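Observations on the three-dimensional arrangement
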Amino acid sequence: MSQPVCIYDTTLRDGTQREGISLSLQDKIKITRILDDLGVAYIEGGWPGSNPKDAAYFQAVKEMPLKHARISAFGATCRVGARPEEDDNIKALVDSETPVVTVVGKSWLLHVYEVLRTTPEENLRLIGESVAYLKSLGREVVYDAEHFFDGFKADSEYALTTLKAAVQNGADWVTICDTNGGTMYWEMEQITCEVARALPGVKIGIHTHNDGELGVANSLAAVRSGATMVQGTINGYGERVGNANLVSIIPDLMLKMNVPCLPDAENLKHLTYVARAVAEIANLPPDSHLPYVGKSAFAHKGGIHVAAIRRNVNSYQHIDPELVGNEMRVLVSDLSGRGNVMSKAEQFGMDVSNEAARQVLEEIKRLENQGYVFEGAEESVAMMLKRAQPDYKAPFELIDFLVMVENRRGRGMLAEATVKLAVADQVMHTAAEGNGPVNALDIALRKALAPVYPRINEFTLADYKVRILDGHNGSAAITRVMIDTQSENRRWTTVGAGPNIIESSWRALIDSIEFGITMVE
């Protein structure tokens, strides 16, 4: 087994620099608990000198009983011409009272001359004195060498000298940063090796950005070359296109490189939960196509693939998805074979014949040619399979429905629907008003069914999506409707499509209600 690697998470600082993310204090506390439970070694909580919220976070986190993680406060070296003890930014780091402080300094002469507007010698003083002062206060110090790889390519001797200034003044770690994200992986390996040779015995960290789509690959290349700390963020959140994605790096290290990076290998099973929970807290939709943890990471669609995994589950999967807390899924579409349909039936606990599976598959292909998509609406497939069973009796049948939308004087726009159903040998005829035609239909349908199936009152319409499929036809276009329905313990999705948006909505609504009545416990 290789030397362990420390995971340094900077979601709460670098990750929040992503466009569209703004975390409250309570959000940051929740994510801290999640990261600590996962077992990361360091959590960078923010920049205490930059805003009141980060300062409040460091006060709040002091009261948290953490099991694994050490909290780090982030800041820059002291200002040009100033002493660390006089610098407001350094004072804020000290006042945060964190066991770890991370200070960022310049490695690239372009930044020394044009950003700091100072001399190479003064920049070395800023690094050395800032590190030495923080070490004198008993802190663990991580020195982040900003733009190190660009600086190394421009002047390798000076870039290495900046690292030595940090080390000679007591830095516990030196982190070499690919801040612009433009380094190629072979350059990463070569330069990291040169750093390791120049600083024998020094603990080296790696911090990469993903501008060249190499954030993960470069982090792994650096580990191969001697880095024993990896900095990154959950889901790769970060400025521009993001930072190195820890959700990919952690399983790559543990499962592919045999490098331990969490305190317990079993913690890896929490990874999918961590990725999705952090996305929800950040108010971003979880990325279905993320490696390892995405909903589609182990989804199989092609008929040849599904036929193979029905014989050997490892034939089209690089790992067992349960190792990272994910699951395999079989999709049903017009590209499917009969095996896809059989697998879907098994998933829903149904025993269907080969002939029934063939008929359902033909119907799926016919409907997808008309605009249906079943990949995200698997419960509509479940209902097709259910209805194909010879002993299945539908809980209700439509006799007719009517929807009216009008503008009434004094009341404005109004939608009204009437529904007539055959339910348990009765004819139920109900009417309802709603804020739109689909809402009115939904209410009328529920009124008709609730006396016989009272559980329907537990179902709520959680989402309603409409997509126009052929916009060149204007208002006569084919419309696809997807409905998400929620019960106390489950959420399911159904689909309808056609040239009439009301009919499309009704088909999705019928599948949703019928699935809830017959298949949700």
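First, a word on what this report is: a plain description of the structure on this page.

**Section: the overall build of the chain**
Broken down by element type, the chain carries 17 helices and 16 strands. Out of the 521 residues in the chain, the part that is buried amounts to 54%. Here the analysis covers contacts within the chain between residues at least 6 apart in sequence; of these, 66% occur between residues at least 24 apart.

**Points about the pairing of strand 1 (residues 6–9)**
Pairing geometry for strand 1 and strand 8 (residues 229–232), over four bridges, is parallel. When the bridges of strand 8 are listed, C6 appears paired with M229. As judged from the two bridges shared by strand 1 and strand 2 (residues 42–46), these two strands associate in the parallel manner. Across the sheet, residue Y8 finds its bridge partner in strand 2, namely Y42.

**A short note on empty space enclosed by the protein**
Inspection of the entire model under this criterion finds one cavity of 30 Å³ or more. If you add up the space inside the largest cavity, you get close to 30 Å³. Residue lining of the largest cavity: T11, G15, T16, I21, L23, I31, Y237, V278 and A282, and that is the complete set. Among the residues making up the lining of the largest cavity, the classes are represented as six nonpolar, three polar and no charged.

**Let's talk about the packing of aromatic side chains**
The relation between two aromatic rings is expressed through the spacing of the ring centres and the mutual angle of the planes. Tallied over the entire structure, the rule returns nine aromatic pairs. Between Y57 and F58, the ring centres sit 5.3 Å apart and the planes meet at 75°, which makes this aromatic pair edge-to-face. Here Y57 falls in the buried class, since its relative accessible area comes to 0%. One aromatic cluster is present, built from ring pairs that chain together F148, F149 and F152. The residue whose ring lies beneath R13 is F74, and the NZ or CZ to ring-centre distance is 3.6 Å. In this structure, K28 is placed above the aromatic ring of Y57, and the distance from its NZ or CZ to the ring centre is 5.2 Å.

**Quick notes on the nonpolar core**
Ranked by size, the top nonpolar core spans 83 residues in total, and within it Y143, F148, L163, V195, I250 and L253 carry the most contacts. Element by element, the count of residues in this core is highest for helix 11 (residues 271–281), at seven residues. Those residues in contact with I250 that lie beyond four places of it in its chain are I7, L38, C261, L262, L268 and L271. Counting 33 residues, the second-largest nonpolar core is a separate cluster that includes A444, F459, I483 and I513.

**Quick notes on the sheet that holds strand 15 (residues 479–486)**
The strands making up a sheet associate through backbone hydrogen bonding, with each pair oriented either parallel or antiparallel. Judged by pairing direction, the sheet is antiparallel, and its three strands sit side by side in the order 14-15-16 without closing on themselves. For this open sheet the edge positions go to strand 14 (460–468) and strand 16 (491–498), each flanked by a neighbour on one side alone. Between one strand and the next, the sheet's axes are offset by a mean angle of 15°, whatever the strand orientation. Of the pairings in the sheet, the one linking strand 14 to strand 15 comprises eight bridges and is antiparallel in character. Within the sheet, the bridge partner assigned to V466 lies in strand 15 and is V481.

**Observations concerning the pattern of salt bridges**
Taken as a whole and assessed by the stated rule, the structure comprises 23 salt bridges. Put simply, K465 and D463 hold a salt bridge, and the shortest N to O gap is 3.0 Å. The exposure class of K465 is partly exposed, given its relative accessible area of 40%. A residue is classified by how much of its surface remains accessible, and D463, at 27% relative accessible area, is partly exposed. Salt bridges linked by common partners bring R83, E122, R125 and E129 together as one network.

**A closer look at helix 1 (residues 25–38)**
The end-to-end C-alpha distance of helix 1, which contains 14 residues, comes to 20 Å, matching closely the 20 Å that a straight helix rising 1.5 Å per residue would cover. Turning to helix 1, the residues buried within the fold contact strand 1, strand 2, helix 2 (52–61), strand 3 (70–76), helix 10 (246–256) and helix 11. With its phi angle positive at about 110°, G39 sits one or two positions after the end of helix 1.

**Quick look at unusual backbone geometry**
Even without being glycine, N235 reaches a positive phi, approximately 65°. Residue N235 is classed as buried on the basis of its relative accessible area of 12%. Even without a glycine there, the phi angle at Y292 is positive, about 70°. Summarising the element assignment, Y292 is placed in the loop between helix 11 and strand 9 (299–300).

Reading the values: rules and limits
Residues numbered from 1 in each chain as written. Predicted model: local features only at pLDDT ≥ 70, side-chain atom pairs only at ≥ 80, totals over all residues. Heavy atoms only, no water. Helix = DSSP H or I, 4+ residues; strand = E, 2+ residues; numbered from the N terminus. Buried < 20%, exposed > 50% of the residue type's maximum accessible area, 1.4 Å probe, protein only. Contact = heavy atoms within 4.5 Å. Pairing = 2+ DSSP bridges. 1 Å grid on protein atoms, 1.4 Å probe; cavity = no way out; pocket = protein on both sides within 12 Å on 5 of 7 lines; lining within 4 Å. Points joined across faces, edges and corners; volume = space filled by probe spheres on them. Nonpolar A, V, L, I, M, F, W, Y, C, P; charged D, E, K, R; others polar. Phe/Tyr/Trp six-rings, centres within 6.5 Å; stacked < 30°, edge-to-face > 60°. Lys NZ or Arg CZ within 6 Å of the ring centre and 35° of its normal. Core = buried A, V, L, I, M, F, W, Y, C linked by side-chain atoms within 4.5 Å. Axes fitted to C-alpha atoms, helices over the stretch in contact; angles between N-to-C directions. Salt bridge = Lys/Arg side-chain N within 4 Å of Asp/Glu carboxyl O. Expected span 1.5 Å × (residues − 1).

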